[in-house]
Every structure is written in structure tokens, then in C-alpha cells.
Amino acid sequence: MTTELFLEEVNKRRTFAIISHPDAGKTTITEKVLLFGQLIQKAGTVKGKKSGQYATSDWMEMEKERGISVTTSVMQFPYGDCLVNLLDTPGHEDFSEDTYRTLTAVDSCLMVIDGAKGVEDRTIKLMEVTRLRDTPIITFMNKMDRDIRDPIDLLDEVESVLNIACAPITWPIASGKEFKGVYHIYRDEVILYKSGMGHTIQELDVIKGINNPELDQRIGYYAGQLRDEMELVKGASHEFDLELFRKGELTPVFFGTALGNFGVDHMLDGLTEWAPAPQHRATTTRTVEPSEPAFTGFVFKIQANMDPKHRDRVAFLRICSGKYEKGMKMHHVRIGKDMLVPQALTFLAGDREHVEEAYPGDIIGLHNHGTIQIGDTFTSGEKFNFTGIPNFAPELFRRIRLRDPLKQKQLLKGLVQLSEEGAVQVFRPLDNNDLIVGAVGVLQFDVVVHRLKSEYNVDAIYESVNVTTARWVYSDDQKALTEFKNKASTNLALDGGDNLTYLAPTMVNLNLSMERYPKIKFHKTREH
Ligand code: G4P
């Protein structure tokens, strides 16, 4: 393959994930996006929370019972001249640290906001994670077919709460039952909405020019209202600026309804035109450019038991440079060995398929039996590690206890291995023999107990524990660290990798300790 062809492949890729609060419409918009990608004939088959379709990943009974998908998948589809990779981010009860880490493996994010509700908690949290890399954000204001809040208020809220400038690209014409469509500010055209067409790719009903008299004929009063509103909007909002968008300082905003499949195409047009192709990545020794011919990549997620028959684990690897070819060798930097990769997986809308080749920006799945961990780097031989794939401080904590006290060793082994997969973290207090499990999403606690039983034959239960948050602690000042260890030992623990951690009973306690020990650094994330 010539360099030119290789670069063409790289530059047409767009790798993104969706950030949203549960019920804002992530699943629905994913369905429509895939419909545009022509992956599904009729939208409505992505996750089927209720319909029971898309059952490729239901490896646990628990998952079926709850009607949610524990697993995350990667979906690749063509759109225009681009090849889009959409990394699913578990959002409901299946929310977990993987959701956060997936955001470190993308080049841009789509933020979906429920227009009636505005910015919600989960979105704030996820946005915070995207700020670690200043990932470019595209915004979709959803549910225009319902009565929404004043769109100007919505933009104000995004700007003030999420601290990012908003540049509306389209503007809604009324909402709810009166929803007429959107005005595309940059194309100067009105696209009219027709309800009940959500399952199809619709023929566009377009009126060119905001001052076109046809607009008055078609939508009457709302034409005048739109013109007035646009005067206001132009004064009150930012203009789109590609550079600021790429720096993560400004977000283009689209309005529409995912359920009605209206406006999703405008968003996809914006995403493919403006969102960056695969970006360079920092490592412990140098920056890797996607255009480099030598293969490199990192693992951001481990999925266990995707196929119950095989009891295998699949490591999700994001390619950063070079090309993956079936049967190639990769250097596993952490263990210092070359690994033959006969069959990597790709996740074409949920189906596991074997790939022949893959390029920077693509995600491939590597089978393994525990030799791969989160944060592992694979190269063509060069020795460095990609940085920026951290552990995130858990937000929920429970003490785990054995029914059979003789199995303490197996319990610890199981917990450390499960924490290496990244679903939960385990902490051992310095002062006692407790084992504390920390997670970002509540379902992970059930997953751990279930897997401890089935894979390690350990019967464990949880008890509540007085921990609100965790911080990894460091100091360049050994004396200060020793003093801190002595004085604060009741709150200190070691994590699965023996790193010192402060387990705070309350946020007030954490803030006080941070004030009291200025020479100690309290980190919310930990690099592998
Ligand atoms: P999530 O993945 O972000 O959690 O949200 P999801 O797409 O599942 O959407 C949550 C609910 O909002 C669903 O309704 C969905 O149909 C609805 N929804 C999504 N987009 C729109 C929209 O543009 N307009 C309107 N009116 N509703 C929308 P549900 O009743 O909870 O589920 P279902 O029975 O429709 O599947």
C-alpha cells in the first residue's frame, strides 16, 4: 500500500462516542446514525432495551433480566466520504469506569441533551472527563417534538454549566406539537419536519433562504417569528469557529428529534466535516503521529466473557498509528514479548467479525486469557507506553465479605484480577483487613459477586462502608508523606496495584485533609 492510500484511510476516519444523561436519547440517536450508515434496514434494532433484539452480548442472565447491555460495542459505518467509528458508552445501570475510559479513546464526542431537561448530572461528569484531553464536542439538542425549554436558555446553560461556547448551526422552529423544522444557519435553508417518519431516511423538504416567501406560505406565523429570533440569536451566540471547536472550547449545536430522525443528518454532516481525523497521541517517550507507518495502539477496555462458550476476554485496542493486518505480530510492551495476533475482531454494529486490516482511529478486539490489561501499549517493537488512559476515582464503595472465611486468598486474587480488567477497583485499608470495592456504576458490584462465584468459586456479600470518594496520593517530599501516612492512616489504603489511596468518608473530610496537608497531592485519576 502506498503512503498516499494509507493516509487517505487515516484521514477519512472519525472516531467518536456519545455523552449524555440516561434517557436523553443516546440509544435512539445511535439507531438513526446507524440507519444513515446503512447498517440496519429499519432503525430500532440497536439495543432493544425492551424488544430483546440485539442479543449478541447477553452473556449473563443478570443482563437479560435487567434488559440492559453490560457490554460495550464499537460500531463502524460509512457516512459520506468518511468511515465513522462510534464507541458505545454504557449509560444506565451499566454505567462504569469503562464509560469514562472509552472517552479517552476517541477523537471527538457527541453530547446529546434532552431539550426539555437541559444539562443533567451525568453529562456534567462525562464532560469533565472529556476535558482531560480537550476533546472536541458536538451538541445535539434532542426531543424538539416535545415542549422544550427556550433554546437560548439551553445554550446559556451549556455555556455556564459546562464552560464551553455554543455556536448554533441549526435553529428550531417552535417545538412540541408545533415543531416545524429547523433553520440551517450556515446553509441559509429551512428544512421542514414531518412527524411519524422516524424509522426512515426521509426525503428532505427544503426551502432555500430565510426570506423566501414560500416559507410564509408553508409555516405562516412561524416564518416571521424565526426571522425575529435569528436576529436575536446572531447577536447572542457565537459563530462557528473550526479552530476553537478543535481545541474543545466551542461546540457546534444542532437541534432535532432523534425519535423523528430529524436533524441527525445535519449533525452527522457536521461531525464528518469538522471533527478531527485520528489525532496524535502522547507516550512516555514521544508523540506518535497517526501517519507513522509502524503499528501502535493501546488498550482502553477489557471485556470478559463476551462469548460464554469460550470464557475468553477481549481487549479493545485503539490503533494510533500504522496498519493492523491479519496474522501480524505485535510487541506487548509491558511484558516485553511479541504476540502473534491471528484474528482480531471488529464490531460491525454488534456482530463480531474478523478483520483483515484496520487503521488508526479503528478499534480492534484482541482475544486473550488475562495477559492484557487496561492501559497496555502494543507497538511494532518500540518501547514506550501511551499515556492518558487513567483509572478514575470510584464514586461508590462497599466492603466485601466472604461467606466462607477460608477463601480470603481466592477473594483477593479474584478482586485484583477483576480490577485489572478495569470494572472495579479494590482497596485494602492500611489499618485493618477489610477489602473495599470501589466502582463508578452500581451494576459493577453485582457483576463482581457474580464473577467471583462463577470464575473463582468464592461466595461473597457486600456491606456498606463509610467512604464517599477516593484520591490517589503522592508527594515529592518523603518526610511529608511519612508524616501524612502516620497521621491519616485510618483513611489510607492500597489499591489493586499497591498505590497509596486516601479513602474519604465525606467531601468535607477530603477538603480538610487537602488543606491540612498542602505537600500531599490528591489525584482523581491515576495513570497506568
Ligand atoms: P438513552 O439511550 O439516552 O437512555 O435514551 P433512549 O434513546 O433510550 O431514549 C429515552 C426515551 O426517550 C425513549 O422513550 C425514547 O423513545 C425517547 N426519545 C428519544 N429521542 C426522542 C425524541 O426525539 N423525541 C421524543 N418524544 N422522545 C424521544 P421510552 O418511552 O423510555 O422508551 P421507548 O418505549 O420509546 O423505547
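None of these values were measured; they are calculated from a predicted model.

1. Let's talk about the environment of Thr-257
So, step 1. With respect to the element layout, Thr-257 can be found in the loop between β11 (250–255) and α10 (264–274).
So, step 2. According to the relative accessible area criterion, Thr-257 is buried, its value standing at 0%.
So, step 3. A sequence separation of 115 residues divides Thr-257 from Asn-142, and the C-alpha atoms of the two residues are 5.0 Å apart.
So, step 4. Beyond its immediate stretch of four places on either side in the chain, Thr-257 contacts Phe-140, Asn-142, Lys-143, Met-144, Asp-145, Phe-179, Tyr-193 and Phe-262.

2. Some words on the packing of aromatic side chains
So, step 1. In this structure the tally under the stated criterion is 21 aromatic pairs.
So, step 2. Between Phe-484 and Phe-522, the aromatic rings sit 5.9 Å apart at their centres with planes inclined by 85°, giving edge-to-face as the arrangement. Of this pair, Phe-484 sits in helix α13 (residues 478–487) while Phe-522 sits in strand β32 (residues 521–523), placing them 38 residues apart in sequence. Phe-522 matches Phe-484 in its accessibility class, with the two residues each being buried.
So, step 3. Judged by centre distance (5.7 Å) and plane angle (85°), the rings of Tyr-502 and Phe-522 are edge-to-face.

3. Some remarks on the pattern of salt bridges
So, step 1. Inspection of every chain in the model, using the stated rule, returns 35 salt bridges.
So, step 2. For Glu-9, the salt bridge is made with Lys-12, and the minimal N-O distance between the two is 3.8 Å.
So, step 3. A single network of salt bridges, built from pairs that share partners, joins Glu-9, Lys-12, Arg-13 and Asp-362.

4. Description of the sheet that holds strand β8 (residues 181–184)
So, step 1. With antiparallel pairing, 4 strands are arranged side by side in an open sheet as β7-β8-β9-β10. In this open sheet, the two strands that pair with only one neighbour each are β7 (170–173) and β10 (206–208). Shown here is a sheet whose adjacent strand axes are inclined to one another by a mean of 25°, direction ignored.
So, step 2. Sheet analysis places β7 next to β8, joined by 4 bridges and oriented antiparallel. The partner of Ile-173 across the bridge, within β8, is Gly-181.
So, step 3. Relative to the sheet, helix α8 (residues 221–236) contacts β7, β8 and β9 (189–192), its axis offset from that of β7 by approximately 140°.

5. Quick word on the pairing of strand β26 (residues 425–429)
So, step 1. Extensive coverage of β26 is indicated by the burial of 4 of its 5 residues.
So, step 2. Across 3 bridges, β26 lies against strand β27 (residues 436–439) in antiparallel orientation. Note that in β27 the partner of Gln-425 across the bridge is Gly-438.
So, step 3. Pairing of β26 with strand β30 (residues 492–495) involves 3 bridges; the strand directions are antiparallel. Residue pairing for β30: Pro-429 is matched across the bridge by Ala-493.

6. Considerations on the side chain of His-184
So, step 1. Relative to the assigned elements, His-184 resides in strand β8.
So, step 2. A relative accessible area of 5% means that His-184 is categorised as buried.
So, step 3. Only 3.2 Å separates the side chain of His-184 from the backbone nitrogen of Arg-187, close enough to count as a polar contact.
So, step 4. With residues near it in sequence (within four places) discarded, His-184 still touches Ile-169, Thr-170, Glu-189, Ile-191 and His-266.

7. Some points on the nonpolar core
What tends to happen in soluble globular proteins is that the nonpolar side chains get buried as a cluster.
So, step 1. The biggest cluster of nonpolar side chains holds 80 residues, and the ones touching the most others in it are Tyr-324, Ile-364 and Leu-366.
So, step 2. When residues in this core are grouped by element, the largest group, 6 residues, is from strand β15 (residues 313–321).
So, step 3. In terms of nonpolar packing, the next biggest core, distinct from the first, is built from 31 residues, Met-75, Leu-110, Phe-245 and Leu-271 among them.

8. Quick look at the site of the ligand
So, step 1. The ligand sits among 18 residues. The nearest are Asp-23, Lys-26, Thr-27, Thr-28 and His-92.
So, step 2. Here Lys-143 contributes a side-chain N or O atom positioned 3.1 Å from an oxygen atom of the ligand.
So, step 3. Separating a nitrogen atom of the ligand from a side-chain N or O atom of Asp-145 is a distance of 2.7 Å.
So, step 4. Protein burial of the ligand: of its 700 Å² of free accessible surface, 74% is covered by the chains.
So, step 5. Among the residues forming the shell around the ligand, the class breakdown is 4 nonpolar, 7 polar and 7 charged.

9. Points about the environment of Asp-476
So, step 1. Mapped onto the secondary structure, Asp-476 falls in the loop between β29 (469–474) and α13.
So, step 2. A C-alpha to C-alpha distance of 23 Å links Asp-476 and Phe-427, two positions 49 residues apart in sequence.
So, step 3. Of note is the side chain of Asp-476, whose polar atom sits 3.5 Å from the side chain of Lys-521.

10. Focus: helix α2 (residues 26–36)
So, step 1. Of all 11 residues making up α2, 10 are buried, and the element is well covered by its neighbours.
So, step 2. All of the buried residues along α2 are Lys-26, Thr-27, Ile-29, Thr-30, Glu-31, Lys-32, Val-33, Leu-34, Leu-35 and Phe-36.
So, step 3. Elements in contact with the buried residues of α2: β1 (13–20), β2 (74–79), β3 (82–87), β4 (108–114), β5 (137–142) and α10.
So, step 4. Once α2 finishes, Gln-38 follows within two positions and takes phi at roughly 60°, a positive value.

Definitions and cut-offs
- Numbering of residues starts from 1 in every chain and runs along the sequence as written.
- Totals for whole chains, interfaces and linings use every residue, but because this is a predicted model, local features are given only for residues with pLDDT of at least 70 and side-chain atom pairs only at 80 or more, for both listing and counting.
- Side-chain metrics in this entry use all non-hydrogen atoms of the structure; hydrogen atoms and water are not considered.
- Strands here mean DSSP runs of E at least two residues long; helices mean DSSP runs of H or I at least four residues long; both are numbered from the N terminus.
- Relative accessible area decides the class of each residue, using a 1.4 Å probe on protein chains only: under 20% of the type maximum gives buried, over 50% gives exposed, and in between gives partly exposed.
- Contact criterion: two residues are considered in contact whenever any of their non-hydrogen atoms come within 4.5 Å of each other.
- Aromatic pairs are defined between Phe, Tyr and Trp rings, using the six-membered ring for Trp, whenever the two ring centres lie within 6.5 Å; interplanar angles under 30 degrees are classed as stacked, those over 60 as edge-to-face, and all others as tilted.
- Just to be clear on terms, a salt bridge is a Lys or Arg side-chain nitrogen sitting within 4 Å of an Asp or Glu carboxyl oxygen.
- By definition, two strands form a pair when at least two bridges between them are found by DSSP.
- All axes here are fitted lines through C-alpha atoms, helices being fitted over the stretch that makes contact, and every angle between N-to-C directions spans 0 to 180 degrees.
- N or O atoms within 3.5 Å of each other form a polar contact, as long as, within protein, one can give a hydrogen and the other can take it, and as long as residues adjacent in sequence are counted only when both atoms are side-chain atoms.
- To form a nonpolar core, buried Ala, Val, Leu, Ile, Met, Phe, Trp, Tyr and Cys residues must be joined to one another through side-chain atoms within 4.5 Å.
- Near, as used in this document, describes a residue that has one of its heavy atoms within 4 Å of the molecule or strand being considered.
- For the area figures, the Shrake-Rupley method with a 1.4 Å probe applies, and any residue is considered shielded solely by the protein chains shown.
- Ten residues, namely Ala, Val, Leu, Ile, Met, Phe, Trp, Tyr, Cys and Pro, are considered nonpolar, four, namely Asp, Glu, Lys and Arg, are considered charged, and the remaining ones, Gly among them, are considered polar.

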